[in-house]
2 protein chains.
Amino acid sequence: MDIPARVTVLERVPLFKGLRPDELEAVAREAHERKLEKGEVLFRQGEDAAHSYVLGWGRLRLDQATPDGQNVVLRFMGPGDMVGTVAVLRRIPFPATPLAIEDCVILAWSAGRTAELMTRFPAIALNAVAVVGGRVEELQARLSEIATQRVERRIASTLLRMARQSGRRIEGGVEIPFAISRNDLAEMTATTLHTVSRTLAAWEQEGIVSGKRGSYLTIAQPHRLVEIAEQA
Amino acid sequence: MDIPARVTVLERVPLFKGLRPDELEAVAREAHERKLEKGEVLFRQGEDAAHSYVLGWGRLRLDQATPDGQNVVLRFMGPGDMVGTVAVLRRIPFPATPLAIEDCVILAWSAGRTAELMTRFPAIALNAVAVVGGRVEELQARLSEIATQRVERRIASTLLRMARQSGRRIEGGVEIPFAISRNDLAEMTATTLHTVSRTLAAWEQEGIVSGKRGSYLTIAQPHRLVEIAEQA
DNA sequence: CGGGGAAGTTGCGCCAGCGCAACGCTGTCG
DNA sequence: CGACAGCGTTGCGCTGGCGCAACTTCCCCG
């Protein structure tokens, strides 16, 4: 990717919102580039946070291993998302592992460079607070859900949230444009593969969602899902 | 509080770490001051985020109401914590309500002033990312816990986390220096008052924790609690 | 000092959903 | 093209801990 191409990518990244073209160019010049094939990891939980990243193309799933060896899916990330930036600024090891679920192109900056750019262009740092704040909000919402709601409602809320973040309108509903396994959903909603399977099977029966194995999940009747998510 | 007194407070606030004394003074000059009595709220969930705050003295409990009227305790906050800053920068309404559980003194800056100060002193913005990042980490940990662990382990983890954040060594163990009701604990661990009550009663029997109603909770045998939190 | 109310305790019964296990489907790799 | 591996489905039984309700204890306030 040459510099103008990078700028085109960075223009749409929330982290760099409000920067002038020449500033974006300066940021772009400092970046390294990295490609990741589906199935590879960008880094591993526990590693030293030497670089921060911005996802240019592709999708990542952010996994966190618990001390006792279980796995929790923290979030899915798409183009424009920042990765690892917080760990870099906090000078702590990466707290999770981003796994490529599609081929990805990623821009990287060293830890020192990251801090330096944010100091030089404070707007980046302000944007970073906003982005990370958004994650706090999402996590708080999930926490509330898990704390107070039944499994069925949590699955509904999770699907709606993913649709809102990454969904595409297509004929016949809203499509979530990457493969999510039942197990992924289970690990996002704090339940088991089995319960997710049963729930989705029921919803497919009723025509609320559809999507064969491997292909993308489509929410055919979002309003029905909203009803389920909101019912007392 | 005069300006030097404010500077003394701000010196110990993580958000302002690394600022020079003259910079701290500039920040202090821009602040408004606000007192809050026990039982009052600083602002209400849903209100427009017109100011950001730093807690000088006292303690707050941050509550979030769910759409269906339940309540979740997001966190307890103590001296030096920042409050509302994220909502200000994201230009969204406050997502939760901070309730004073002790008398508090709070410094406040208007939304515009907050952004301006962060731009003038980018170190503040970098610190803010780190602080908010810490919250993300804590929320992720709680999410993992709730998703994968039994109630007993979650309560143990929560108590240990609070002890780590605010605990005081005293003779006979570690004391959590503010009143936590069983209900608070229930709302933090995604369980019910009843289950918390039973669990703590059992632990008091075994001498792991102690603390009468109203007084502060003391963890007499932290290592036992760690065992419970870590056992498979 | 006595009455009211909030917070905490405890017993009991029930059920959502977990855990296990067996089976089915589908893509893929030799 | 056959067999394997990974993912998903489904049935079944069990149980953690929730929900309800009755009761106790403590604290505050008049």
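Not measured: the values here are computed from a predicted model.

Reading the values: the criteria
- Residues numbered from 1 in each chain as written.
- Chains lettered and ligands numbered in written order.
- Predicted model: local features only at pLDDT ≥ 70, side-chain atom pairs only at ≥ 80, totals over all residues.
- Heavy atoms only, no water.
- Helix = DSSP H or I, 4+ residues; strand = E, 2+ residues; numbered from the N terminus.
- Rg over C-alpha atoms; globule rule 2.2 N^0.38 Å.
- Buried < 20%, exposed > 50% of the residue type's maximum accessible area, 1.4 Å probe, protein only.
- Contact = heavy atoms within 4.5 Å.
- Areas by Shrake-Rupley, 256 points an atom, 1.4 Å probe, with all protein chains shown as cover.
- Lys, Arg positive; Asp, Glu negative; His and termini not counted.
- Charge placed at Lys NZ, Arg CZ, Asp CG, Glu CD.
- Near = heavy atom within 4 Å.
- Polar contact = N/O pair within 3.5 Å; in protein donor to acceptor, adjacent residues only side chain to side chain.
- Nonpolar A, V, L, I, M, F, W, Y, C, P; charged D, E, K, R; others polar.
- UniProt positions renumbered as here; feature names shortened; annotations may be inferred.
- Expected span 1.5 Å × (residues − 1).
- Axes fitted to C-alpha atoms, helices over the stretch in contact; angles between N-to-C directions.
- Parallel < 35°, antiparallel > 145°, perpendicular 65-115°, else oblique.
- Salt bridge = Lys/Arg side-chain N within 4 Å of Asp/Glu carboxyl O.
- Pairing = 2+ DSSP bridges.
- Least-squares fit on C-alpha atoms with pLDDT ≥ 70 in both.
- Arc of directions from axis to C-beta.

Caption draft 1: Main features of the overall build of chain A. A tally of regular secondary structure across chain A gives nine helices and 11 strands. Taking 232 residues into account, the globule formula puts the C-alpha radius of gyration at 17 Å, and chain A, at 19 Å, falls close to it. Residue burial in chain A is summarised as follows: out of 232 residues, 54% are buried. Long-range pairs, those at least 24 residues apart, make up 68% of the contacts in chain A between residues at least 6 apart in sequence. By element, 48% of the accessible surface of chain A is carried by carbon and sulfur atoms, the whole surface being about 10600 Å². For chain A, the separation between the mean place of its 30 positive charges and that of its 29 negative charges on side chains is 2 Å.

Caption draft 2: Examining the protein's contact with DNA strand C more closely. With respect to spatial proximity, 17 residues lie near DNA strand C, and among them V151, T191, T192 and T195 of chain A together with S197 of chain B are the closest. In the interface set of DNA strand C, defined as its atoms within 4 Å of the protein, sugar plus phosphate atoms amount to 67%. With respect to DNA strand C, the side chain of T191 of chain A contributes an N or O atom lying 2.5 Å from a phosphate oxygen. A distance of 2.9 Å separates a base oxygen of DNA strand C from a polar atom in the side chain of H194 of chain B. Contributions of two or more residues to the surface near DNA strand C are made by α8 (193-206) of chain A together with α7 (182-189) and α8 (193-205) of chain B. For the surface near DNA strand C, the element with the highest residue contribution is α8 of chain B, accounting for five residues. When the residues that make up the surface near DNA strand C are grouped by side-chain class, the tally is three nonpolar, eight polar and six charged.

Caption draft 3: Structural context of the UniProt feature "domain: Cyclic nucleotide-binding" (unreviewed entry) in chain A. According to UniProt, the "domain: Cyclic nucleotide-binding" (unreviewed entry) feature falls on residues 15-108 of chain A. Across residues 15-108 of chain A, helical content stands at 16% and strand content at 38%; the span's end C-alpha atoms are separated by 13 Å.

Caption draft 4: The arrangement of helix α6 (residues 151-166) of chain B in detail. Compared with the 22 Å implied by 1.5 Å per residue over 16 residues, the 22 Å span of α6 of chain B between its first and last C-alpha is a close match. For α6 of chain B, the complete set of buried residues consists of R153, R154, I155, A156, S157, T158, L159, L160, R161, M162, A163 and S166 of chain B.

Caption draft 5: A look at the packing of α6 of chain B against α8 of chain B. Residues and elements named next belong to chain B. For the pair α6 and α8, the least separation of the axes is 11 Å and the interaxial angle reads 75°. It follows that α6 is roughly perpendicular to α8 by the angle criterion. Across the interface between the two elements, V151, E152, I155, A156 and L159 of α6 pack against T195, V196, T199, L200 and W203 of α8. Split by residue class, the contact of α6 with α8 holds seven nonpolar, two polar and one charged.

Caption draft 6: Focus on the pattern of salt bridges. Across all of its chains, the model carries 33 salt bridges over all chains by this definition. The salt bridge involving R20 of chain B is made with E23 of chain B; its shortest N-O contact spans 3.3 Å. According to the relative accessible area criterion, E23 of chain B is buried, its value standing at 16%. Here E175 of chain B makes a salt bridge to R168 of chain B, at a shortest N to O gap of 3.7 Å. A single salt-bridge network, built from bridges that share partners, covers E30, R113, E116 and R120 of chain A.

Caption draft 7: Representation of the sheet that holds strand β1 (residues 32-36) of chain A in the model. Residue and element names in this part refer to chain A. As summarised here, the arrangement of the four strands in space is β1-β7-β2-β5, forming an open sheet in which the pairing is antiparallel. Edge strands, defined here as strands with exactly one partner in the open sheet, are β1 and β5 (82-83). One ladder, built from two bridges, connects strand β2 (residues 51-57) with β5; its direction is antiparallel. Along β5, the bridge assignment pairs V54 with M82.

Caption draft 8: Quick look at the side chain of T189 of chain A. Residue and element names in this part refer to chain A. Within the secondary structure, T189 sits in helix α7 (residues 182-189). We classify T189 as buried; its relative accessible area is 1%. Not counting residues up to four positions away in its chain, the partners in contact with T189 are I146, R154, I155, T158 and V196.

Caption draft 9: Up close: the relation of the copies chain A and chain B. With an RMSD of 0.0 Å, the operation that places chain A on chain B is a rotation of 180° combined with a shift of 0.0 Å along the axis. Viewed as a symmetry operation, the transformation between the two copies matches a two-fold axis. A share of 100% of interface residues in chain A that are also interface residues in chain B marks the association as one of identical surfaces.

Caption draft 10: Representation of the sheet that holds strand β1 (residues 32-36) of chain B in the model. Residues and elements named next belong to chain B. Pairing within the open sheet is antiparallel, and its four strands lie in the order β1-β7-β2-β5. The outermost strands of the open sheet, each flanked by one partner alone, are β1 and β5 (82-83). Relative to strand β7 (residues 104-110), helix α4 (residues 111-120) is tilted by about 80°, and along the sheet it contacts β2 (51-57) and β7.

Caption draft 11: How the structure looks around helix α1 (residues 3-10) of chain B. Residues and elements named next belong to chain B. Along α1, the residues that are buried comprise R6, V7, V9 and L10. Looking straight down α1, one finds its buried side chains confined to an arc of 160°; they lie on one side. Close packing links the buried residues of α1 with α2 (21-29), β1, β2 and β7. If you check the start of α1, you find a side-chain oxygen 3.0 Å away from the backbone N of A5, and it comes from D2.

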